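# Inside the fold
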Amino acid sequence: MESSRARRSRRAQPARRRPLLYTALATVAVLGATAGGTVYVKAQGHPGTGAVSSSSVTPSASGSDSGKVSVETVAAPEVDHDALLASAMRSVTVPGDAAVSAAVLDLDSGDDATYGENAFDTASIVKVDILATLLLQAQDADRHLTAAEKTYATAMIENSDNDSASALWRIIGKAPGLDAANERFGLTDTAGGADMLWGLTQTTAGDQLILLRQVFGDDSELSEASRTYLRGLMGRIAVDQRWGVSAAADGSSWALKNGWLARSTTGLWDVNSIGRVTVDGHDCLVAVLSNGNTTQAAGISLVEQVARTAVSALRDGGAAASASGSASGSASPSAE
């Protein structure tokens, strides 16, 4: 149901003061510090002395004999999320002449990963970009969308209606209008399709992640009202189009737009999906692009497998880094 043409070339109560004759005195013996920054401490109690914990030891840069102890905090190692995603992608079978690219961002942690840099036909995922452009232009003109524009926008996003997309494509000024808005959005590898061939707009998974940040993030060229409007439409996709990146979500916690296009020159399918999914309480943005699929069904299967793999690789990598950082910076009292 898409257009076609040749393709072109992101945080004690104060210890109750005891009678003076029970003035607290604690002798702290430092038993040792590991290379990982863990300090082992033994406390000798005197009458009235409260418990002494490892947190009573004051770190010192000098490590002198003044009773202060130097504690070196070891930062968690940086995680190469791109490498983790690339490794995880080895488990994905990409059939025949098909190609796939993916980008994912955890909005809570800020971690992101990208696999593949090639440009792909957008097919209908460009409809999110078309509406984002229209909303930006309306903001610039200090106006609201007209009733007709809202009708087109609803049909274009929720039902992927092509006639509505073509009408809004004309209103935004076709490719020049889209490209001008994308420059402000920060998309550097996306180029609008020629004339009315909006479905052959060229883009990358990285650029689609940038676009999704404009829609679902807080730092955006789009106003809060514009973002809320677009998010709402993406959360009400027609039942028969609820596939793609939503496969990585917990239940129905998603908002998306899909694109599918059979190329007349090869008979092979472009199948793409972009959106926001919620996984284990974390909101993730995901973009998966593919081409060369023998059938639409094969493309959908590939896109969904890649979406699940990408989100899992990012979330598992972030959890491992967090656990590593927590362990390396801990201070534990001696069991003695």
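Up top is the structure these notes are about.
These figures come from a predicted structure and were not determined experimentally.

### What to know about the overall build of the protein chain
Within the protein chain, the secondary structure is distributed over eight helices and nine strands. Within the protein chain, buried positions represent 46% of all 336 residues. As displayed, the protein chain offers around 16,600 Å² of accessible surface, 50% of which is attributable to carbon and sulfur atoms.

### Let's talk about the sheet that holds strand E3 (residues 99-106)
In spatial order, the strands read E4-E3-E9-E8-E7; together these five strands make up an open sheet with antiparallel pairing. The sheet is open, and its two borders are formed by strand E4 (112-115) and strand E7 (254-262), each paired with just one other strand. Between one strand axis and the next, the sheet turns through 5° on average, direction left out of account. The pairing of E7 with strand E8 (residues 269-279) spans nine bridges and is classified as antiparallel. Bridging across to E8, Ala262 finds its partner in Trp269. This element, helix H1 (residues 81-88), spans E3 and E4 of the sheet and lies at about 50° to E4.

### With respect to the side chain of Arg263
Tracing the backbone through its elements, the reader meets Arg263 in the loop between E7 and E8. Classification of Arg263 by relative accessible area gives buried; the value is 10%. Only 2.7 Å separates the side chain of Arg263 from the side chain of Asp121, close enough to count as a polar contact.

### Some remarks on unusual backbone geometry
Unusually for a residue other than glycine, Ala123 sits at a positive phi of about 55°. With respect to the helices and strands, the residue Ala123 is situated in the loop between strand E5 (120-121) and helix H2 (126-140). Residue class for Ala123 comes out buried when judged on its relative accessible area of 0%. In this structure, Asp195 takes a positive phi of about 50° despite not being glycine. Here Asp195 lies in the loop between helix H5 (174-185) and strand E6 (202-203).

Reading the values: rules and limits
Residues numbered from 1 in each chain as written. Predicted model: local features only at pLDDT ≥ 70, side-chain atom pairs only at ≥ 80, totals over all residues. Heavy atoms only, no water. Helix = DSSP H or I, 4+ residues; strand = E, 2+ residues; numbered from the N terminus. Buried < 20%, exposed > 50% of the residue type's maximum accessible area, 1.4 Å probe, protein only. Areas by Shrake-Rupley, 256 points an atom, 1.4 Å probe, with all protein chains shown as cover. Pairing = 2+ DSSP bridges. Axes fitted to C-alpha atoms, helices over the stretch in contact; angles between N-to-C directions. Contact = heavy atoms within 4.5 Å. Polar contact = N/O pair within 3.5 Å; in protein donor to acceptor, adjacent residues only side chain to side chain.

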